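What follows is the residue order along each chain.
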Amino acid sequence: SDHAWHKFHAEQRILAASSRATILRVPLLYGPLVSSLDESPVTALLGELQRRGASRMEVDDTQLCYPTWTCDVAGVLRRLADRERSTADVAGILHWQGAERLTRYAMLQAMAEVVGIDASTVSRGRRAPLEAQGVILDCSRLEVILGDSVTRFRTPFREGLRRCLDPFFKSGLAATSKPKKSESLFEELFWQELERTR
């Protein structure tokens, strides 16, 4: 896909710029919300359920994902930066992801349960076999670097959901949450530059 090509191209440019560069690849992310459930593809599922109300909704129940809490990723990045300052032995491409494997249907059901929303109108969708294959990242190198603190940076999905959704729903923001309309200026400039150098 174009998106995958852009990411690969950006990685190659970074690695070519410095032999000490480190790239952290992550999968589907979710984290603290500012103003909209659509800030993450994970919580956007819940936003769509809210907008549809009693209408039927089909959500994929075949492709496997590893939803990863952004605060865990921030912690991993901090550890990598600290290690680089002290030993300068971190370089290349590393991977990190949450420990739980879920379909989008399972993620939506978990979110609905956490916030107490009825999800009985949601049905299981199916993809073609090739599209349904999930991707698991090889985190073994980073697990060695993190050592005993590995589990500290793998927040259980439901715990992450509670941290993410409870403040958002209790503040009343969920009632006024609207779809995200456009990317930030920085994101737009980033994609334009990648396209220009393609």
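Computed from a prediction, not measured in an experiment: that's the story for all the values here.

Novice: So what exactly am I meant to see when it comes to the packing of aromatic side chains here?
Specialist: For any pair of aromatic rings, the description rests on two quantities: the centre-to-centre distance and the angle between the ring planes. Following the criterion strictly, the structure yields 3 aromatic pairs and no others. Taking 5.3 Å as the distance between ring centres and 75° as the angle between the ring planes, the aromatic pair formed by tyrosine 30 and phenylalanine 157 counts as edge-to-face. Note that tyrosine 30 is positioned in strand E2 (residues 29-30) and phenylalanine 157 in helix H7 (residues 157-170), a separation of 127 residues in sequence. As far as the burial class goes, tyrosine 30 and phenylalanine 157 line up, both buried. Geometrically, the ring pair formed by phenylalanine 168 and phenylalanine 169 is edge-to-face, given 6.3 Å between the ring centres and 70° between the ring planes. For phenylalanine 168, a relative accessible area of 3% corresponds to the buried category.

Novice: What is the right way to look at the state of the cysteines in this model?
Specialist: Two cysteines whose sulfur atoms are joined by a covalent bond form what is called a disulfide. With the rule as written, the count across this model stands at 0 disulfides. No disulfide involves cysteine 164; its nearest neighbouring cysteine sulfur is the one of cysteine 71, lying 9.1 Å away.

Novice: Just checking my understanding: could you explain the side chain of aspartate 60 for this structure?
Specialist: Looking at the secondary structure, you find aspartate 60 in strand E3 (residues 57-60). At a separation of 2.6 Å, a polar atom in the side chain of aspartate 60 contacts the side chain of threonine 62. For aspartate 60, the contacting residues outside a window of four places in its chain are Thr103, Arg104, Tyr105, Gly125, Arg126 and Arg127.

Novice: How should the nonpolar core be read in this particular structure?
Specialist: Side chains of a nonpolar character, in soluble globular proteins, are inclined to be buried together. Membership of the largest hydrophobic core comes to 27 residues, with the highest contact counts inside it found for Met107, Leu108, Met111, Val122, Phe157, Leu161 and Leu165. Those elements giving two or more residues to this core turn out to be helix H2 (43-52), E3, helix H4 (104-115) and H7. Here this core takes 7 residues from H4, the largest share from any one element. For leucine 165, the residues in contact, after removing those within four places along its chain, are Leu33, Leu37, Thr43, Leu46, Met111 and Val115. One finds Leu80, Val90, Trp96 and Cys139 within the second-largest nonpolar core, a separate group that totals 14 residues.

Thresholds, definitions, all that
- Within each chain, residue numbers correspond to sequence positions counted from 1 in written order.
- Two thresholds apply to this predicted model, a pLDDT of at least 70 for residue-level local features and 80 or more for giving and counting side-chain atom pairs, whereas whole-chain, interface and lining totals are computed over all residues.
- Only hydrogens and water are set aside; all other atoms, that is, all heavy atoms of the structure, feed into the side-chain values.
- Aromatic rings from Phe, Tyr and Trp, taking only the six-membered ring of Trp, are treated as a pair when their centres fall within 6.5 Å; an angle between ring planes under 30 degrees marks them as stacked, one over 60 as edge-to-face, and anything in between as tilted.
- Only runs of H or I of at least four residues qualify as helices and only runs of E of at least two qualify as strands under DSSP, and these elements are numbered from the N terminus.
- Note on exposure labels: buried denotes an accessible area under 20% of the residue type's maximum, exposed denotes more than 50%, and partly exposed covers the range between, all computed with a 1.4 Å probe on protein chains only.
- Sulfur atoms of two cysteines make up a disulfide when they are within 2.5 Å.
- Side-chain atoms alone can form a polar contact between residues adjacent in sequence; in general such a contact is a pair of N or O atoms within 3.5 Å, and within protein one must be able to donate a hydrogen while the other accepts it.
- Contacts are assigned to residue pairs that have any heavy atoms within 4.5 Å of one another.
- What makes a nonpolar core is a set of buried Ala, Val, Leu, Ile, Met, Phe, Trp, Tyr and Cys residues whose side-chain atoms join them at distances within 4.5 Å.

These values are about where atoms sit, not about what they do.
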